[in-house]
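Spelled out from the first residue to the last, the chains are:
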Amino acid sequence: MLKLHYAPLTRSVRIRWLLEELELEYELLRSEYNRDGSRGFAQDTPSGQYPYIEDGDVALSESGAIVQYVLERYGNGRLEPPIGSRNRAAYLYWLHFAEGTAANAINTTVWLTVYRDDADRHQEIISAVRDSANTVFGKVETALSLQPYISGNEFTAADIMMGFTLGSAKWLQLLTDAYPKTLEYVDRLFARPALQKSLS
Ligand SMILES: N[C@@H](CCC(=O)N[C@@H](CS)C(=O)NCC(=O)O)C(=O)O
């Protein structure tokens, strides 16, 4: 059975959410997040980070890679548009945009405001990060003005990747009511039973 190394409020929520949406059986190896921000890779998992999975002789980290692996192995076509279909490119874009681009602003904000207590000495960086986050939210708002989910009319794993990122942005008060469609989208995603279960 697939094992998920999980700590609350980390990116491992994405994987638990995915597994719950797919109604797969899995073993949850739960521990608390080590808040020692003085170094990276400080977590109690084989990779030093969350999430991390073990599935037979496969071991994997990186939430985007894990999402793709789980869908390939257990998805049976669920939660992603088929290869070659109209929405596939948009799906891949948002699936990777979450960690490749959108997470940068979130990571820097967490670093400066959660792990350090001298944010007031870094106002220039904080302001640049806010601009970059607003560009991200602008792109999301535009996508959601065309369709209910990030890459089309259906809920997919790209919503799982982006939902965690945008939920973090809301929690950090980076995502404001200047982006009403994005806020409504985040609330809609957070109302899903599979995500609610993954937060406990
Ligand atoms: N891009 C990676 C980021 C992994 C990551 O930074 N995980 C955080 C938790 S959300 C972590 O474990 N950080 C602790 C550390 O590096 O010590 C992913 O999407 O999995």
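Residues numbered from 1 in each chain as written. Predicted model: local features only at pLDDT ≥ 70, side-chain atom pairs only at ≥ 80, totals over all residues. Heavy atoms only, no water.

Counting its secondary structure elements, the protein contains 7 helices and 4 strands. N-terminal to C-terminal, the α/β element order of the protein is β-α-β-β-β-α-α-α-α-α-α. Relative to its length of 200 residues, the protein is compact, with a C-alpha radius of gyration of 17 Å against a globular reference of 16 Å. Projected onto the principal axes, the alpha-carbon positions of the protein cover approximately 50 × 40 × 25 Å. When the 200 residues of the protein are sorted by exposure, 46% land in the buried category. Considering only intrachain contacts with a sequence separation of at least 6, the fraction spanning at least 24 residues in the protein is 65%. A total accessible area of about 10,400 Å² is found for the protein, and carbon and sulfur atoms account for 50% of it. With 20 positive and 26 negative side-chain charges, the protein shows a separation of 2 Å between the mean positions of the two kinds. (Helix = DSSP H or I, 4+ residues; strand = E, 2+ residues; numbered from the N terminus. Rg over C-alpha atoms; globule rule 2.2 N^0.38 Å. Buried < 20%, exposed > 50% of the residue type's maximum accessible area, 1.4 Å probe, protein only. Contact = heavy atoms within 4.5 Å. Areas by Shrake-Rupley, 256 points an atom, 1.4 Å probe, with all protein chains shown as cover. Lys, Arg positive; Asp, Glu negative; His and termini not counted. Charge placed at Lys NZ, Arg CZ, Asp CG, Glu CD.)

Another point: the nonpolar core. Ranked by internal contacts, the top residues of the largest apolar core, which has 53 residues, are Leu18, Phe137 and Met162. Residue assignment for this core shows that the elements contributing at least two residues are β1 (3–6), α1 (12–21), α2 (63–74), α3 (88–113), α4 (123–146), α5 (157–171), α6 (180–190) and α7 (193–198). Residue contributions to this core reach at least three from each of two domains, namely domain 1 (3–74) and domain 2 (88–192). Ignoring anything within four residues of it in the chain, the contact list for phenylalanine 137 reads Leu166, Ala169, Leu174, Leu175, Tyr179 and Thr182. (Core = buried A, V, L, I, M, F, W, Y, C linked by side-chain atoms within 4.5 Å. Domains from an automatic or database assignment.)

To continue, consider the environment of arginine 130. In this structure, arginine 130 sits in helix α4. For the pair formed by arginine 130 and serine 151, sequence separation is 21 residues and the distance between their alpha carbons is 24 Å.

Before going further, it helps to examine the pairing of strand β4 (residues 58–61). When a strand is regular, its side chains alternate between the sheet's two faces. As paired strands, strand β3 (residues 52–55) and β4 are joined by 4 bridges and run antiparallel to one another. From the neighbouring strand, glutamate 54 faces β4, where its bridge partner is alanine 59. Following β3, the chain reverses through 2 residues before pairing antiparallel with β4; glycine 56 in that reversal takes a positive phi of roughly 60°. (Pairing = 2+ DSSP bridges.)

Attention now goes to the pairing of β3. Pairing of β1 with β3, which is carried by 3 bridges, proceeds in the antiparallel orientation. Each bridged residue has a counterpart across the sheet, and for lysine 3 the counterpart in β3 is glutamate 54.

What follows deals with unusual backbone geometry. Residues tyrosine 50 and proline 51 are joined by a peptide bond in cis, for which omega reads 0°. Here leucine 9, not a glycine, exhibits a phi torsion of approximately 65°, which is positive. As for its placement among the helices and strands, leucine 9 is situated in the loop between β1 and α1. Overall, leucine 9 belongs to the exposed group, its relative accessible area being 69%. One non-glycine residue with positive phi stands out, namely glutamate 23, at about 55°. Positionally, glutamate 23 belongs in the loop between α1 and β2 (27–30).

This part takes up the domain arrangement of the protein. Looking at the protein, the domain boundaries give domain 1 (3–74) and domain 2 (88–192). A straight line from the C-alpha centre of domain 1 to that of domain 2 covers 20 Å. Residue-level contacts link 16 residues of domain 1 with 21 residues of domain 2. Taking both sides of the interface into account, the surface hidden between domain 1 and domain 2 amounts to around 1,500 Å²; carbon and sulfur atoms contribute 63%. Summed over the three residues of domain 1 that lose the most area to domain 2, namely Arg11, Arg14 and Trp17, the buried surface amounts to 42% of that side. Seen at the junction of domain 1 and domain 2, the total is 3 salt bridges. Glutamate 99 is paired through a salt bridge with arginine 11; the nearest N and O atoms lie 2.8 Å apart. Elements represented by at least two residues in the side of domain 1 that touches domain 2 include exactly α1 and α2. Looking at the side of domain 1 that touches domain 2 residue by residue, the class counts come to 7 nonpolar, 5 polar and 4 charged. (Buried area = accessible area lost by both parts, 1.4 Å probe. Salt bridge = Lys/Arg side-chain N within 4 Å of Asp/Glu carboxyl O. Nonpolar A, V, L, I, M, F, W, Y, C, P; charged D, E, K, R; others polar.)

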